[in-house]
Amino acid sequence: MLGRRQLRAKAMQSIYAYYRGNEEVALVKKNMLKGIEDVQDLYLLLLSLVLSFKSEADHRIQIGKSKNFPTEQELNPNMRFSENAIFRILAQNPQLSDFIEKNSQWSWENENIYTTKIFKEFTESQYYRDYMADVKHGFNRDREAIVHLFTEYIAPNEEILAYLEDKNLHWADDLHIANSMVLNTLKSFTAKSDERTKLYKLLSDDEHLDFTIDLYLKTIANDAETMRIIDEKASNWELERMALLDRIILQMAITEFLFFPSIPPKVTINEYLEIAKDYSTPNSNTFINGILDKVLHELEENGRLRKSARGMM
C-alpha cells in the first residue's frame, strides 16, 4: 500500500518534472496519476515472478524424469518446493490470474533466464536443502521458505532491477515500495487463505489520491509565496544556488503548513526530512530542517498557522 510519504514523493517527482520540463500542469498531473497506477502493476508483476518459481521447479522435475536413464531420485522427486502452499494461494488468486492473462508481454516464462539463474542459486543453498529435508513440514515452513526466497534472492537481484527499469523507467524508484507490498502480502497469508483472499490495494481510499493531487496543484499554484518565504529565511543563500530538489521539498512543506490544516506541522517536517534523506544530498536534511523551523516559528507568531485538531499522516 502506498503511504502518504510515498505519495508525497510521487508529488515531489512530478513537481520536479514540471519545473524541469516546461510542460503543462495538467499533463504532468496525468503522468503522475499514471505513475501511481503503475506501482500496482509492478506489485502484481513481482507476485507473478514469485509464482513463476513453481513453473521453474516443475520444469526441472520434468527434465529429470525425461532422461533416458533417470535416477531413483529423479523418478520420485521431492515435491515439497513445487507443492509449496504459497504457490497454491497465488495460483488461485483471480486478481493475479487476470493480471497475468492480460499482460502476456511481461510473462516471466519468456524471461526465464532470470528465474533459472535465481532458482539455481537458491537450490544450491543450505537453506533450501534444510527446507526440503525438514520433517516438520507445514504451512508456516512453506511461507517462511517463499519469504526467504523473495527477500534473499529476488528483491536484491540487480538483473531483475535492470529488467524492470528497462520495461518502465520509473519502476527503479518504485521497486522498494512494490517489494514491501509483496513481502507484506506473503507474510499475511495463512493456512486458510484461498481464492477469496484479497491482495493489497495500492491506495486505502480515494482520500489519499485526492491529497496527492491537491499537494501537487497547490504547491505549484502558490510557488510565488512559498519562494518568497524561503528566500527570506535562507539567509546568505540565493535561491539560484539552492538545489532544485531542496527548494521543491521546502515549497511542499510550506504549502502543507499553509493550506493543509488537518496535517500537524511536526508530521509535515518529519515526512519531508525523511524524503530528503532518500532523494537529496547528505547535507540537505540539516539545511531543510533549519529553514522549516524558522518558517514554522514565524507562521505561528503571525497567526497564519491554522491547524485542526484532527491529525492526518
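All values derive from a computational prediction rather than experimental measurement. (Residues numbered from 1 in each chain as written. Predicted model: local features only at pLDDT ≥ 70, side-chain atom pairs only at ≥ 80, totals over all residues. Heavy atoms only, no water.)

1. With respect to helix α11 (residues 206-221)
Move 1: Helix length check: α11, at 16 residues, gives a terminal C-alpha distance of 22 Å against a target of 22 Å (1.5 Å per residue), a fit within 8%.
Move 2: His208, Phe211, Thr212, Ile213, Leu215, Tyr216, Thr219 and Ile220 are the residues of α11 that are buried. (Helix = DSSP H or I, 4+ residues; strand = E, 2+ residues; numbered from the N terminus. Expected span 1.5 Å × (residues − 1). Buried < 20%, exposed > 50% of the residue type's maximum accessible area, 1.4 Å probe, protein only.)

2. Quick look at the packing of aromatic side chains
Move 1: Overall, the coordinates contain 14 aromatic pairs when judged by the stated rule.
Move 2: Relative to phenylalanine 87, the ring of phenylalanine 81 lies with its centre 5.2 Å away and its plane at 85 degrees, an arrangement referred to as edge-to-face.
Move 3: Residue phenylalanine 81 is classed as buried on the basis of its relative accessible area of 1%.
Move 4: When its relative accessible area of 1% is taken as the criterion, phenylalanine 87 is described as buried.
Move 5: Centroid distance phenylalanine 122 to tyrosine 128: 5.3 Å. Interplanar angle 70 degrees. Geometry classified as edge-to-face. Taken individually, phenylalanine 122 and tyrosine 128 each receive the classification buried, so the pair is uniform in this respect. (Phe/Tyr/Trp six-rings, centres within 6.5 Å; stacked < 30°, edge-to-face > 60°.)

3. Points about the confidence of the model for the protein chain
Interpretation of this model should avoid reading the predicted coordinates in detail wherever pLDDT is low.
Move 1: Here the protein chain averages 91 in pLDDT, and 96% of its residues register 70 or above.
Move 2: Note on residues 309-313: pLDDT is under 50 here. Beyond four places in sequence and across chains, it has 14 contacts. (pLDDT = per-residue confidence, 0-100. Contact = heavy atoms within 4.5 Å.)

4. Topic: the environment of alanine 253
Move 1: If you trace the backbone, alanine 253 turns up in helix α13 (residues 244-259).
Move 2: The class for alanine 253 is buried, based on a relative accessible area of 0%.

5. Comments concerning the environment of threonine 226
Move 1: Mapped onto the fold, threonine 226 is located in helix α12 (residues 223-233).
Move 2: In the structure, threonine 226 is positioned 25 residues away from glutamine 251 in sequence and 5.5 Å away in space, judged by C-alpha atoms.
Move 3: Discounting chain neighbours no more than four positions away, the residues touching threonine 226 are Gln251, Ile254 and Thr255.
Move 4: A distance of 3.2 Å separates a polar side-chain atom of threonine 226 from the backbone oxygen of aspartate 223. (Polar contact = N/O pair within 3.5 Å; in protein donor to acceptor, adjacent residues only side chain to side chain.)

6. Quick notes on the packing of helix α1 (residues 4-21) against helix α14 (residues 265-279)
Move 1: Closest axis-to-axis distance for the α1/α14 pair is 10 Å, and the angle between their directions is 65 degrees. As α1 runs across α14, the sense of the crossing is right-handed. On α14, the residues touching Arg4, Arg5, Arg8, Ala9, Met12 and Gln13 of α1 are Val267, Glu271, Tyr272, Glu274, Ile275 and Tyr279. (Axes fitted to C-alpha atoms, helices over the stretch in contact; angles between N-to-C directions. Left-handed = near helix turned anticlockwise from the far one by under 90°.)

7. Remarks on a negative patch on the surface
Move 1: Residues Asp205, Asp206, Glu207, Asp210 and Asp214 make up a contiguous surface patch of negative charge.
Move 2: Looking at the element boundaries, aspartate 210 is found in helix α11.
Move 3: For aspartate 210, a relative accessible area of 42% puts it in the partly exposed group. (Patch = residues over 30% accessible without salt bridge, like charges linked within 9 Å, V, L, I, M, F, W, Y side chains within 5 Å. Areas by Shrake-Rupley, 256 points an atom, 1.4 Å probe, with all protein chains shown as cover. Salt bridge = Lys/Arg side-chain N within 4 Å of Asp/Glu carboxyl O. Lys, Arg positive; Asp, Glu negative; His and termini not counted. Charge placed at Lys NZ, Arg CZ, Asp CG, Glu CD.)

8. Comments concerning helix α4 (residues 85-92)
Move 1: For α4, every residue scored as buried is listed here: Ala85, Ile86, Phe87, Ile89 and Leu90.
Move 2: On the buried face of α4, the contacting elements are α2 (25-65), α5 (94-102), α8 (139-154) and α10 (171-188).
Move 3: Regarding α4, its N-cap is asparagine 84, as a side-chain oxygen of that residue lies 2.8 Å from the backbone nitrogen of isoleucine 86 further along.

9. Looking at the nonpolar core
Move 1: Counting residues in each nonpolar core, the largest one holds 94 residues, and the members touching the most others are Phe53, Phe81, Leu164 and Phe257.
Move 2: No other element matches the 15 residues that α2 contributes to this core. (Core = buried A, V, L, I, M, F, W, Y, C linked by side-chain atoms within 4.5 Å.)

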